[in-house]
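# A look at the structure
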Amino acid sequence: MRQIAFREALREALSEEMRRDDRVFLMGEEVAEYNGAYKVSQGMLDEFGPKRVIDTPISELGFTAIGVGAAQNGLRPVLEFMTWNFANLALDQILNTASKMLAMSGGQISCPIVFRGPSGSAGQLGAQHSTAYESYYANIPGLKVVSPSNGYDAKGLLKQAIRYEEDPVIFMESEVMYGDKMEIPEEEYYIELGKAAVKKEGKDVTIVSYNKMVKVALGAAAELEKEQISAEVIDLRTIRPLDWKTILLSVMKTNRLVIVEEQWPFASISSEIAYNIQKEGFDYLDAPIRRITSADAPLHYAANLVAAAMPSVERTVKLVKEVMYLNK
């Protein structure tokens, strides 16, 4: 085991798969000469050369079309978006071509491509650079959506996506987590998509989250522990396919569910989770399912408004106490 940063875990995943399979290549803005906007691809141009680590023009629609076409012709591209906010410009290729081609071709043409980059708020970047996109892409049949909370999971999930997935994979990171460090094993490993992880076991309430909001969930669990409230924390890791059965098993034990996410509230991931759990586990619930999302508004620049709009440990603790009927 060694301690490395989130960005290094992603780099290892990319490099290991590129060494294993010469069909894998990386393409995006500033991924080569500049070593990546977030230094995920640092040193990769020197190792793999300009034919496999490719700088593109600032044209998301253009280089996404090239990547989708390459995937449909036998290669396994990884496309980096500087932020998923910029991928809006490439949505036609992702939605109308990558996600639909297997169905439209009667199963003859697959599209094994990974689209990756940071999603959600990174602090004071303004409304146009701060949208969380998991629910957008999870609403598209034909795509798989991954949103890891730590470097260990990110490496295993990215390797799985590059090597084994024949469907397009949307891989959403967090700009504020690239420097986070954790223990990563020396040996090679893969993490199957569609499997949530129980990050902390508990018996009184289930808290579900993903991406950087898992830190909020774990922080709330630590605060609740001081008051003898035992919270189980589940990290979804993969948004589509959604492992709601792991959540259901937890709720069967705790009888209460709180969901913490960065999405806007309308038609969010928590909406889908709440539907499935009330449908399959209604008899196990001792309180209504509750959730914390970001504010139903564009994220403003001012620091105090960012703090007010985003989920927090304090709000999560308060909501858990509400579902346990402890708040007077």
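Let us look at the structure shown here. A quick note: this is a predicted structure, and the numbers were derived from the prediction, not measured.

### What about empty space enclosed by the protein?
Counted according to the given criterion, the structure contains 1 cavity of 30 Å³ or more. Computed from the structure, the largest cavity encloses a volume of approximately 40 Å³. In this structure, the largest cavity is lined by Ser 119, Ala 132, Glu 134, Tyr 210, Asn 211, Met 213 and Glu 262. Taken together, the residues that form the lining of the largest cavity break down as 3 nonpolar, 2 polar and 2 charged.

### Examining the pairing of strand 4 (residues 76-80)
By the criterion of burial, strand 4 is predominantly enclosed, with 5 of the 5 residues buried. Going residue by residue along strand 4, you find Arg 76, Val 78 and Glu 80 tucked away on one face and Pro 77 and Leu 79 tucked away on the opposite face as well. One ladder, built from 5 bridges, connects strand 2 (residues 24-28) with strand 4; its direction is parallel. Bridged to Met 27 within strand 4 is Leu 79. Here strand 4 runs beside strand 5 (residues 114-118); their pairing, made up of 3 bridges, is parallel. Looking at the pairing, Glu 80 lines up with Arg 116 of strand 5.

### Notes on the packing of aromatic side chains
Inspection of the entire model under this criterion finds 10 aromatic pairs. On the numbers, 5.0 Å between centres and 20° between planes, the contact of Tyr 38 with Tyr 178 is stacked. Note that Tyr 38 is positioned in the loop between strand 2 and helix 2 (44-48) and Tyr 178 in the loop between strand 7 (169-173) and strand 8 (181-184), a separation of 140 residues in sequence. Per residue, the accessibility class of Tyr 38 equals that of Tyr 178, and both read buried.

### Quick word on the sheet that holds strand 11 (residues 231-235)
Here 5 strands make up an open sheet; going across it, the order is 9-11-10-13-14 and the pairing mixed. At either end of the open sheet lies a strand with only one pairing partner, and these are strand 9 (197-200) and strand 14 (290-292). For this sheet, the mean angle separating the axes of adjacent strands, direction not counted, is 25°. Relative to strand 11, strand 10 (residues 205-209) runs parallel, the two sharing 5 bridges. Residue Ser 209 lies in a different strand from strand 11, and its bridge partner there is Asp 235.

What counts and how
- Residues numbered from 1 in each chain as written.
- Predicted model: local features only at pLDDT ≥ 70, side-chain atom pairs only at ≥ 80, totals over all residues.
- Heavy atoms only, no water.
- 1 Å grid on protein atoms, 1.4 Å probe; cavity = no way out; pocket = protein on both sides within 12 Å on 5 of 7 lines; lining within 4 Å.
- Points joined across faces, edges and corners; volume = space filled by probe spheres on them.
- Nonpolar A, V, L, I, M, F, W, Y, C, P; charged D, E, K, R; others polar.
- Buried < 20%, exposed > 50% of the residue type's maximum accessible area, 1.4 Å probe, protein only.
- Helix = DSSP H or I, 4+ residues; strand = E, 2+ residues; numbered from the N terminus.
- Pairing = 2+ DSSP bridges.
- Phe/Tyr/Trp six-rings, centres within 6.5 Å; stacked < 30°, edge-to-face > 60°.
- Axes fitted to C-alpha atoms, helices over the stretch in contact; angles between N-to-C directions.

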